[in-house]
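# Chains, contacts and geometry: an overview
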Amino acid sequence: TDEATTPDATYTRYTITDSAKRYWNKNSPVTVKVNGVIQTSGFSIEYVGGVVVFDSALQPTDTVTVSGEYYNVTQVMGFKNWSLDPGREFEEATCFESGGWKEFVSVLTGASGSCEGFWVTDRSDWVGAEHIIVLYVDYQGASKARYEGYGFVKGKNLEVPVDSLVEESLDFEFNGPVYYREG
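What this report covers is the structure whose coordinates are included nearby. (Residues numbered from 1 in each chain as written. Predicted model: local features only at pLDDT ≥ 70, side-chain atom pairs only at ≥ 80, totals over all residues. Heavy atoms only, no water.)

What follows concerns unusual backbone geometry. Positive phi outside glycine occurs at Tyr-11, with the angle close to 60°. By the secondary structure assignment, Tyr-11 is in the loop between β1 (3-7) and β2 (13-16). Residues other than glycine seldom take positive phi values, yet Asn-35 does so here, at roughly 55°. Tracing the chain through its elements places Asn-35 in the loop between β3 (31-34) and β4 (37-39). (Helix = DSSP H or I, 4+ residues; strand = E, 2+ residues; numbered from the N terminus.)

Before going further, it helps to spend a moment on a nonpolar patch on the surface. A grouping of Val-105, Val-107 and Leu-108 is seen on the molecular surface, where their side chains present a nonpolar patch of about 240 Å² in accessible area. Mapping Val-105 onto the fold places it in strand β9 (residues 104-118). Of the residues examined, Val-105 reaches a relative accessible area of 41% and is grouped as partly exposed. (Patch = residues over 30% accessible without salt bridge, like charges linked within 9 Å, V, L, I, M, F, W, Y side chains within 5 Å. Areas by Shrake-Rupley, 256 points an atom, 1.4 Å probe, with all protein chains shown as cover. Salt bridge = Lys/Arg side-chain N within 4 Å of Asp/Glu carboxyl O. Buried < 20%, exposed > 50% of the residue type's maximum accessible area, 1.4 Å probe, protein only.)

Before going further, it helps to spend a moment on the packing of aromatic side chains. Any pair of aromatic rings gets described here by the distance separating the centres and the angle formed by the planes. Within the structure shown, the criterion is met by five aromatic pairs. When the ring of Phe-172 is compared with that of Phe-174, the centres are 5.6 Å apart and the planes differ by 85°; the resulting orientation is edge-to-face. A relative accessible area of 7% means that Phe-174 is categorised as buried. In textbook terms, an aromatic cluster arises when at least three aromatic residues are bridged by ring pairs, as seen for Tyr-14, Phe-43 and Phe-54. Lying over the aromatic face of Tyr-150, Lys-26 brings its terminal NZ or CZ to 4.8 Å of the ring centre. (Phe/Tyr/Trp six-rings, centres within 6.5 Å; stacked < 30°, edge-to-face > 60°. Lys NZ or Arg CZ within 6 Å of the ring centre and 35° of its normal.)

Empty space within the largest pocket amounts to approximately 1400 Å³. Taken together, 45 residues line the largest pocket, and the ones lying closest to its centre are Val-73, Ile-132, Ile-133, Val-134 and Tyr-136. Elements with a minimum of two residues in the lining of the largest pocket: β1, β2, β10 (130-136), β11 (146-159), β12 (167-174) and β13 (179-181). In the lining of the largest pocket, the residues fall into 23 nonpolar, twelve polar and ten charged. (1 Å grid on protein atoms, 1.4 Å probe; cavity = no way out; pocket = protein on both sides within 12 Å on 5 of 7 lines; lining within 4 Å. Points joined across faces, edges and corners; volume = space filled by probe spheres on them. Nonpolar A, V, L, I, M, F, W, Y, C, P; charged D, E, K, R; others polar.)

Looking now at the nonpolar core. Across soluble globular proteins, you tend to see nonpolar side chains buried next to one another. Within the largest apolar cluster, twelve residues are counted, these being Tyr-14, Ile-16, Trp-24, Val-30, Val-32, Val-34, Ile-45, Val-52, Phe-54, Leu-58, Val-64 and Val-66. Of all the secondary structure elements, the ones that give two or more residues to this core are β2, β3, β6 (51-54) and β7 (64-67). The contact partners of Leu-58, leaving out residues within four places of it in the chain, are Tyr-11, Tyr-14, Val-34 and Val-64. Ala-111, Leu-135, Val-153 and Leu-170 belong to the second largest nonpolar core, which has eleven residues in total. (Core = buried A, V, L, I, M, F, W, Y, C linked by side-chain atoms within 4.5 Å. Contact = heavy atoms within 4.5 Å.)

For a regular strand, the rule is simple: side chains alternate between the two faces of the sheet. Note that β9 and β12 share seven bridges and pair antiparallel. The residue of β12 that forms the bridge with Gly-117 is Glu-168. As judged from the eight bridges shared by β11 and β12, these two strands associate in the antiparallel manner. Counted as the bridge partner of Leu-158 is Glu-168 from β12. (Pairing = 2+ DSSP bridges.)

Here's what the structure looks like:
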């Protein structure tokens, strides 16, 4: 309730200050206040990461607070490698005025990927379920650079060799935007 946020240098992006509360339930309303007054438009919300993005820059003296429901997120798996495949879908839009050339229009953006690690316990119930997916580029460094978003686990695979550790891989599809973050 009325949690403080920290602005970026442009005063358009405000991130909830308490890092433990940065993963919001996208199915629950978030109340945004500027100087104690509830805002109903002029902004968007990045539920993964706890960010409010204003259409126009606020004043440096403005105070932004947020109220809503957040998840207590804990790391449940660690992987030794991962891949992220962002992409766009295009539809053909060729017409008589195209001069004999095919023309295309970008219609959808999406991302999918996979990750591999060592098997710890059965996670069959994850397949088909939506999760918060965080893919670290630099977990140990100060930046904690990562890609994150909501996504579905599409499938999992176990590889059981006789002479080494059991390995597990997961395939996932992001459900909405993927954000690159640092810090």
